Amino acid sequence: KMKARLEVLQEKIKKLQAKTSEHQKAIRLRDMAEKKCKQLQNEIADDKRKRAALQRKMKEDAEGRRNEKKAAEIKAMRMLREGEKLKIELNKVREAAAKQANVLKRKAAEALAKQRIVAEQRKRQATKTGAPSAKSNSGSGIDKTRKKDLKIWMSRE
């Protein structure tokens, strides 16, 4: 009877040991699953932080590009205005130069006309008096020289 009881108890012990080892195995698996779960939660939290940082950086970059574009547009507008001002100033300078050139041509033409009148008057006086004087000959040489000087001066202006 005791042998049977001993066998029954040994059988119970074996079953309990099997249950214990199964329970320990389940606990190990649960611990491993909890560890894995915690690791995945940490990775998720890390990814969320990285995503938030990346979104902030993208927002800052977009804002920086907007600011750069705005600054470039402002600079372009300023340069266009300055270009227009320079064109206007250049046109004013050209107009003033053209007016000055016209005035100089007119004055040179007037001076040339006066010289011709003076030369003709001398010529008339010389013909009235009868003989051409040495002074009138030297005067016409001066007139030719002055004409050349005036033409040279006009071509430079």
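Source: prediction; values computed, not measured. In this convention, every chain numbers its residues from 1, walking through the sequence in written order. Totals for whole chains, interfaces and linings use all residues, but because this is a predicted model, local features are given only for residues with pLDDT of at least 70 and pairs of side-chain atoms are given and counted only at 80 or more. Derived side-chain values reflect all non-hydrogen atoms in the structure, with water molecules and hydrogen atoms excluded from consideration.

Undergrad: Would you mind going over the overall build of the protein with me for this structure?
TA: For helices the rule is a DSSP run of H or I covering at least 4 residues; for strands it is a run of E covering at least 2, with both sets numbered from the N terminus onward. When helices and strands are counted, the protein shows 2 helices and 0 strands. Buried positions account for 5% of the 157 residues belonging to the protein. We get accessible surface area from the Shrake-Rupley algorithm with a probe of 1.4 Å; when it comes to residues, only the shown protein chains can shield them. Put simply, the protein shows about 14,900 Å² of open surface, and 57% of that area lies on carbon and sulfur atoms. With 48 positive and 22 negative side-chain charges, the protein shows a separation of 6 Å between the mean positions of the two kinds. Think of it in three bands: residues with accessible area under 20% of the maximum for their type are buried, residues over 50% are exposed, and the middle band is partly exposed, with areas taken using a 1.4 Å probe on protein chains only. Think of it this way: Lys and Arg go in the positive column, Asp and Glu in the negative one, and His and the chain ends go nowhere. Here the site of a charge means atom NZ of a Lys, CZ of an Arg, CG of an Asp or CD of a Glu.

Undergrad: In this structure, what is going on with the environment of Glu84? I would like to understand it.
TA: Note that Glu84 resides in helix α1 (residues 2-129). In this structure the C-alpha to C-alpha distance between Glu84 and Lys3, which are 81 residues apart in sequence, comes to 119 Å.

Undergrad: Sorry if this is basic, but what is going on with the pattern of salt bridges here?
TA: Note that side chains of opposite charge can pair when their charged atoms are close. Salt bridge, as applied in this entry: a Lys or Arg side-chain nitrogen positioned within 4 Å of an Asp or Glu carboxyl oxygen. The tally for this structure, following the rule as stated, stands at 7 salt bridges. For the salt bridge of Asp46 with Arg49, the shortest nitrogen-to-oxygen distance reads 2.5 Å. Of this pair, Asp46 and Arg49 both sit in helix α1, 3 residues apart, which is roughly one turn of the helix. Linked through salt bridges whose partners overlap, the residues forming this network are Arg30, Asp31 and Glu34.

Undergrad: Would you mind going over a positive patch on the surface with me for this structure?
TA: On the surface, Arg116, Lys144, Lys147, Lys148 and Lys151 cluster together into a positively charged patch. When residues of the positive patch are assigned to their parent elements, the largest contribution, 4 residues, is made by helix α2 (residues 134-156). Position of Arg116 relative to the elements: it lies in helix α1. Nonpolar side chains (Val, Leu, Ile, Met, Phe, Trp, Tyr) within 5 Å and like charges within 9 Å form the patches, drawn only from residues with over 30% relative accessible area and no salt bridge.

Undergrad: Even after reading the chapter, I still don't get the environment of Cys37, so can you show me in this structure?
TA: Examined against the element boundaries, Cys37 turns out to sit in helix α1. Note on Cys37: relative accessible area 40%, which makes it partly exposed. C-alpha of Cys37 to C-alpha of Lys107: the two residues are 70 residues apart in sequence and 103 Å apart in space.

Undergrad: I would appreciate a short explanation of α1 in the present structure.
TA: Given 3.6 residues per helical turn, the α-helix brings residues three or four places apart onto the same face. Take the number of residues in a helix, subtract one, and multiply by 1.5 Å to get its expected span. Taking 1.5 Å per residue, 128 residues should reach 190 Å; α1 reaches 185 Å between its end C-alpha atoms and fits that length. For α1, the complete set of buried residues consists of Leu104, Ala108, Leu112, Gln115 and Ala126.

Undergrad: Is there a simple way to think about the side chain of Gln115 in this case?
TA: Its location among the elements puts Gln115 in helix α1. Contact definition: two residues touch when any of their heavy atoms are within 4.5 Å. Not counting the four nearest positions on each side in its chain, Gln115 is found in contact with Arg146, Lys147 and Leu150.

All quantities given are derived from atomic positions and should not be read as evidence of function.
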